[in-house]
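Structural description and commentary
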Amino acid sequence: MALLKEITSSDALREVNASLDSLGDNDAMDAAVAASEGIARLEAVRFRALGRLSRHRDGAGSVAQEVALALSVVDGHAAGLVSTAEALTTRLPHTLGLLDRGKVGGFGAMKVAAATAWLSDDDARAVDAALEDRLPDKNSDQIRKAANHAAMMTDRDGAARRTERNRAGRRVTVRQGETGVASIEVEDGPVEKVAAAYTRIDREARALRAGGETRTLDQLRADVALDLLLDGQGGKTERSEVFLYMDLHTYLGLNDDPAELAGHGHIPASLARHIASGPNTVLRRIITDPLSGQVLDLGRDRYRPTAGLDEFVRVRDRECRRPGCHRVAQACDLDHSLPWQFGGHTTDTELIDLCRRDHRLKDEPGWNYRLGPDGTLTITTPTGQSHDSTPPPLHTPRTDEPPPF
């Protein structure tokens, strides 16, 4: 342990910090990446140490309180660290290996542990092995979605039962803040209702903003939500739209493949069928390319006239196209990947969904966005790093010939 303390000592870090002042942009970014990888490796050390401590205490619940005191963290976070440490050191060896290599951070590892906590040891190890190549360089929300999907695919019946238990635990909590403010939260509410509620709140806030309101969008969303809770009055009362992507065979009960709720991730087939059978549900036919699983066309039968191209792009993209951003497409701006003034065209091959923040980011100096023929968006940052974004296919790409109808 003396070597570990020496590596992380103030004297050793002071020398490194002193050298940072002379770095250019690219080297500064490289230093930040290297530091993050080093932090991940140290987190692997911490998880192994906590796993060892838990085994010494025979898994006693008091270990979390002991860790909370020693690390100066709240009890809930300490409990998460201990449970993750136990999982990583017993049944998630591949995820622990990614930490060792600096490819996944500690927060991402906690998402894997949480997503697999309900699985048997054998199923958890199978998911862990399947995720090894999917998790490097992904952010925590992408890791959560990937791990949840893999867990559902491994134990579909268990996922359905777990979803029922989770939804039964819905509750409202109040958290007191600093002087004059507090927070109210609907915890573990039905995802389809939460998504629809946020869509309505966001739409009404944007309508007020467009009407000349000087409050920020964040302020307007908060005020609209509270007004709706207090007196049931808002602005428009039209229904809110959420995007649920489900295979026809899943809808008919012929298989139990997970469906996807835009902005949230994968949900069990049983929940998807429950949502799809609701009294206000509108079903849409979407034609996909069998070889890629990507959207080719939309059915046009629905409860209101379509917005044509705008609607097609939103259904195709599902979420903001910046890698790692999961704002649903309905709340995004439709933007040209190649700016109009530089020769861009208003076609589905050049339009993408970007949330307002990322729309503005695109116009910052040094940022370059290029949309390839296959729909892959490549974003190049001012330091020359490239990041790709492709809407996930609606179904597993098929290489066999479709059956005759």
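Quick caveat: nothing in here was measured; it's all calculated off a predicted structure.

1. Considering the overall build of the chain
Counting its secondary structure elements, the chain contains 16 helices and 12 strands. When burial is assessed residue by residue, the chain has 34% of its 405 residues classed as buried. For the chain, restricting intrachain contacts to residue pairs at least 6 apart in sequence, the fraction spanning at least 24 positions comes to 53%. Total accessible area on the chain stands at roughly 23500 Å², and carbon and sulfur atoms take up 54% of it.

2. Some remarks on a nonpolar patch on the surface
Together, V172, V174, I184, V186, L226, L229 and L230 give the surface a local cluster of nonpolar side chains, amounting to about 740 Å² of exposed area. Of all the secondary structure elements, the ones that give two or more residues to the nonpolar patch are β1 (171-176), β2 (182-187) and α12 (217-231). The element contributing the most residues to the nonpolar patch is α12, with 3 residues. Mapped onto the elements of the fold, V186 is located in strand β2.

3. Digging into the pairing of strand β12 (residues 386-389)
Bridge count between strand β11 (residues 377-380) and β12: 4 bridges; the pairing is antiparallel. When the bridges of β12 are listed, L377 appears paired with S389. What sits between β11 and β12 in their antiparallel hairpin is a turn of 5 residues, with G384 showing a positive phi close to 85 degrees.

4. With respect to the state of the cysteines
As enumerated under the stated definition, the model contains 0 disulfides in all. As a non-bridged cysteine, C325 has C320 as the owner of its nearest cysteine sulfur, 3.7 Å distant. C332 forms no disulfide, and the closest cysteine sulfur to it belongs to C320, at a distance of 4.9 Å.

5. Things to note about the packing of helix α8 (residues 121-131) against helix α9 (residues 140-154)
Put simply, α8 and α9 touch, their axes get as near as 10 Å, and they point 135 degrees apart. What the angle tells us is that α8 and α9 run oblique. Once α8 is placed against α9, the crossing between them reads as right-handed. When α8 is examined against α9, the residues D123, V127 and L131 are found in contact with a partner set consisting of A146, A147, A150, A151 and T154. Its residues placed into classes, the contact of α8 with α9 shows 6 nonpolar, 1 polar and 1 charged.

6. Description of the packing of helix α4 (residues 62-71) against helix α5 (residues 75-88)
Interhelical geometry of α4 versus α5 gives an angle of 115 degrees and a closest axis separation of 8 Å. As the angle between them shows, α4 and α5 are arranged roughly perpendicular. Crossing geometry of α4 relative to α5 is assigned as right-handed. Here α4 contributes V63, A64, Q65, V67, A68 and L71 to the contact with α5, which in turn contributes D75, A78, A79, L81 and V82. Along the lines of polarity and charge, the residues of the contact of α4 with α5 split into 9 nonpolar, 1 polar and 1 charged.

7. With respect to the pattern of salt bridges
Applying the stated rule across the entire model yields 26 salt bridges. The partner of D202 in a salt bridge is R221, and the shortest N-O contact between them spans 2.8 Å. Taken together, the residues span a long stretch of sequence, with D202 in helix α11 (residues 191-210) and R221 in helix α12 at a distance of 19 residues. The pair formed by D202 and R221 is uniform in burial state, with each residue classed as buried. If you follow the salt bridges from partner to partner, you end up with D202, R206, D218 and R221 in one network.

8. What about α12?
With 15 residues, α12 should cover 21 Å at 1.5 Å per step; its first-to-last C-alpha distance of 21 Å lies within 8% of that length. Taken together, the buried residues of α12 touch α11.

9. Overview of the side chain of N148
Examined against the element boundaries, N148 turns out to sit in helix α9. On the accessibility criterion, N148 (18% relative accessible area) is buried. Once residues within four sequence positions are removed from consideration, N148 is found in contact with A115 and R162.

10. Observations concerning the sheet that holds strand β10 (residues 368-371)
Ordered by their spatial adjacency, 3 strands build an open sheet running β10-β11-β12, and the pairing between neighbours is antiparallel. Each end of this open sheet is capped by a strand with a single partner; those strands are β10 and β12. On average, adjacent strands in this sheet sit at an angle of 20 degrees to one another, irrespective of strand direction.

Each value, and the rule that gives it
Residues numbered from 1 in each chain as written. Predicted model: local features only at pLDDT ≥ 70, side-chain atom pairs only at ≥ 80, totals over all residues. Heavy atoms only, no water. Helix = DSSP H or I, 4+ residues; strand = E, 2+ residues; numbered from the N terminus. Buried < 20%, exposed > 50% of the residue type's maximum accessible area, 1.4 Å probe, protein only. Contact = heavy atoms within 4.5 Å. Areas by Shrake-Rupley, 256 points an atom, 1.4 Å probe, with all protein chains shown as cover. Patch = residues over 30% accessible without salt bridge, like charges linked within 9 Å, V, L, I, M, F, W, Y side chains within 5 Å. Salt bridge = Lys/Arg side-chain N within 4 Å of Asp/Glu carboxyl O. Pairing = 2+ DSSP bridges. Disulfide = S-S within 2.5 Å. Axes fitted to C-alpha atoms, helices over the stretch in contact; angles between N-to-C directions. Parallel < 35°, antiparallel > 145°, perpendicular 65-115°, else oblique. Left-handed = near helix turned anticlockwise from the far one by under 90°. Nonpolar A, V, L, I, M, F, W, Y, C, P; charged D, E, K, R; others polar. Expected span 1.5 Å × (residues − 1).

Spatial relationships are all this shows, so hold off on functional conclusions.
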